[in-house]
Amino acid sequence: MDQGKYSLTTKVVIGMVTGILVGFLLRALFPENPFVTTYITEGVLLILGKIFITCLKMLVVPLIFISLVCGTCTLQDASTLGRLGLKTVGLYILTTCIAISMAIALALIFEPGVGANLASTTGFTPQEAPPLSQVLINLFPSNPIDAMAKGNALQIIVFALLFGISIAASGKKGQPVADMFISLNEVIMKLVTLLMNLAPYGVFALMAHLFTTIEFDAIFNLLQYFFLLLGVLILHVFITYFTLLRFVGGLSPLRFLRKMEDTLLFAFSTSSSSATIPVSLETVKRRLGASNRVASFTIPLGATINMDGTAMMQGVATVFIAQAFSIDLTLMDYLTVIVTATLASIGTAGVPGVGLIMLAMVLQQVGLPLEGIAIIMGVDRLLDMVRTAVNVTGDCTVTCIVAKSEGEFDRSVFDDEHAGEQEEIINFHHITDEPDT
Ligand code: ASP
């Protein structure tokens, strides 16, 4: 294959657009054709798409652990870590609060649910959201191997931080372990690059399968909700993130967005912040210029607790459901929604559709009928793609701001339009061919 002809991003876009077209064609030309359904839609396309997502997920646990240990074991002192943690979590919570307040305000202005009269109940039973106390207790792993086996990102983060600090505190004796993690980090990033080269095919299969099976009817009934949410999601990127980048980080928002293209495409096609971690990490380090020390901490943490897009969906959905069921909410109720949706988005796992389950927690707090979830469920799949892209944009924005404030940001990488692009090419040369550096 001619690596130089098209950039990886162009290939992924081609994969995505062809996938969507093939999906539409299959459903138009072969509706309910058993051969097409069995062997193509639920056969080749499903298998290829699932393998692609599984491979991305396969990288997440080793990537979080290795890169975070690698980042913390080179820290000079524990107070740096504390400062980094405070800044990061503070910014994540602040952006989420802004996101949800904006979503509620715009939903109150545009009134998407007024006159929708969708109060006919359905047989939907929502899954129960976990209680908040449990979310806190669950931060700490009783068994780190079990946390890794279950892919519990927050627990892995806590263990990796403690492990990395201990390596740093062990001085000379810990150095070989630190060196090993630094090498492991290089190896795992190569694996990410390798997988990204296969992304155009994976994205094609995911999109073709999705657009063969997705239901569009619901969108027409919920046009106002759909477009309002889409609008506020986009507005949040342009207002909140762009302001932060420009005025706090002193960085060009448009260049930032251009360099985010791969990450956005991955988030959009996988609907999973968690599965996008490998690509987000690669982007912030190699294309945007954040150091591994900061990025290895902020990206996995953000993919787990920072979900601005999800919080916005919960805000608009709450107002929409209240209006559709003609229930008046007080100012106190809205404040409760802001706090609960922020907490709910922290507790939302970065996988497809979980935001909708956590919406139950928000609705319950203000006494809205949970059946409302069933109403918006029909349009949630497409919106999930967009809000996941917003979620990861938030993670990368905060990473750049924090890295910049910590002096851990390489401006020359950010300014170089093509920085990190050559990494897309993998050379399978033998290890002994590599010159000693
Ligand atoms: N799919 C979202 C994410 O992974 C979570 C959600 O809102 O359902 O970021």
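Everything below is about the structure shown above.
About the thresholds
- Throughout, a residue's number is its position along its own chain's written sequence, starting from 1.
- Local features in a predicted model are, by the rule used here, given only for residues with pLDDT of at least 70; side-chain atom pairs are given and counted only at 80 or more, and totals for whole chains, interfaces and linings are based on all residues.
- To get the side-chain values, take all heavy atoms of the structure and skip hydrogens and water.
- Strands are runs of DSSP state E lasting at least 2 residues, helices are runs of H or I lasting at least 4, and numbering of each runs from the N terminus.
- Note on contacts: a residue pair is in contact if any heavy atoms of the two residues lie within 4.5 Å.
- The protein chains shown are the only cover counted for residues, whose accessible areas, like all others here, come from Shrake-Rupley with a 1.4 Å probe.
- Patch membership requires more than 30% relative accessible area and the absence of a salt bridge. Residues of like charge join within 9 Å; the nonpolar side chains Val, Leu, Ile, Met, Phe, Trp and Tyr join within 5 Å.
- Take a side-chain nitrogen of Lys or Arg and a carboxyl oxygen of Asp or Glu: if they are within 4 Å of each other, that pair is a salt bridge.
- Any residue with a non-hydrogen atom lying within 4 Å of a molecule or strand is treated as near it.
- Any pair of N or O atoms that falls within 3.5 Å is considered a polar contact. Within protein, one atom must be able to donate a hydrogen and the other to accept it, and sequence-neighbouring residues count only if both atoms are side-chain atoms.
- Under the scheme applied here, ten amino acids are nonpolar (Ala, Val, Leu, Ile, Met, Phe, Trp, Tyr, Cys and Pro), four are charged (Asp, Glu, Lys and Arg), and all others, including Gly, are polar.
- Each residue is assigned to one of three classes by its accessible area relative to the maximum for its type, calculated with a 1.4 Å probe on protein chains only: buried under 20%, partly exposed between the two thresholds, exposed over 50%.

Colleague: Before we move on, can you summarise the overall build of the protein with the specific residues and values?
Modeller: Looking only at helices and strands, the protein has 19 helices and 0 strands in total. Considering only residue pairs separated by 6 or more positions, the protein has 85% of its internal contacts joining residues 24 or more positions apart. About 19,600 Å² of surface is accessible on the protein, with carbon and sulfur atoms providing 66% of the total.

Colleague: Please give an account of a nonpolar patch on the surface that cites residues and values.
Modeller: A contiguous nonpolar patch, built from Phe163, Val177, Met180 and Leu184 and spanning about 290 Å² of accessible area, is present on the exposed surface. Considering each element in turn, the nonpolar patch owes the most residues, 3 residues, to helix α7 (residues 175-197). Tracing the sequence through the fold places Met180 in helix α7.

Colleague: Explain the site of the ligand to me, and be specific about the residues and the numbers.
Modeller: The full set close to the ligand counts 16 residues, and Ser273, Thr310, Gly355, Asp384 and Arg387 are the nearest of them. Contact between the ligand and Thr310: an oxygen atom at 2.7 Å from a side-chain N or O atom of the residue. For the ligand, a nitrogen atom lies 2.7 Å from a polar atom in the side chain of Asp384. Looking at the shell around the ligand, the element that brings in the most residues is helix α18 (residues 371-405), giving 4 residues. Of the residues that constitute the shell around the ligand, the class distribution is 5 nonpolar, 9 polar and 2 charged.

Colleague: I'd love a proper account of the pattern of salt bridges, names of residues and values included.
Modeller: Under the definition given, this model contains 12 salt bridges. Asp380 serves as the salt-bridge partner of Arg387, at 2.9 Å between the closest nitrogen and oxygen. By relative accessible area, which is 1% here, Arg387 ends up buried. Across the salt bridge formed by Arg411 and Asp415, the nearest N and O atoms sit 3.5 Å from each other. Taken together, the positions of Arg411 and Asp415, both in helix α19 (residues 411-415) and 4 residues apart, correspond to about one turn of that helix. Exposure remark for Arg411: the relative accessible area of 33% places this residue in the partly exposed category. The exposure class of Asp415 is partly exposed, given its relative accessible area of 34%. Via salt bridges that share partners, Arg255, Arg258, Arg411, Asp415 and Glu417 belong to a single interconnected network.

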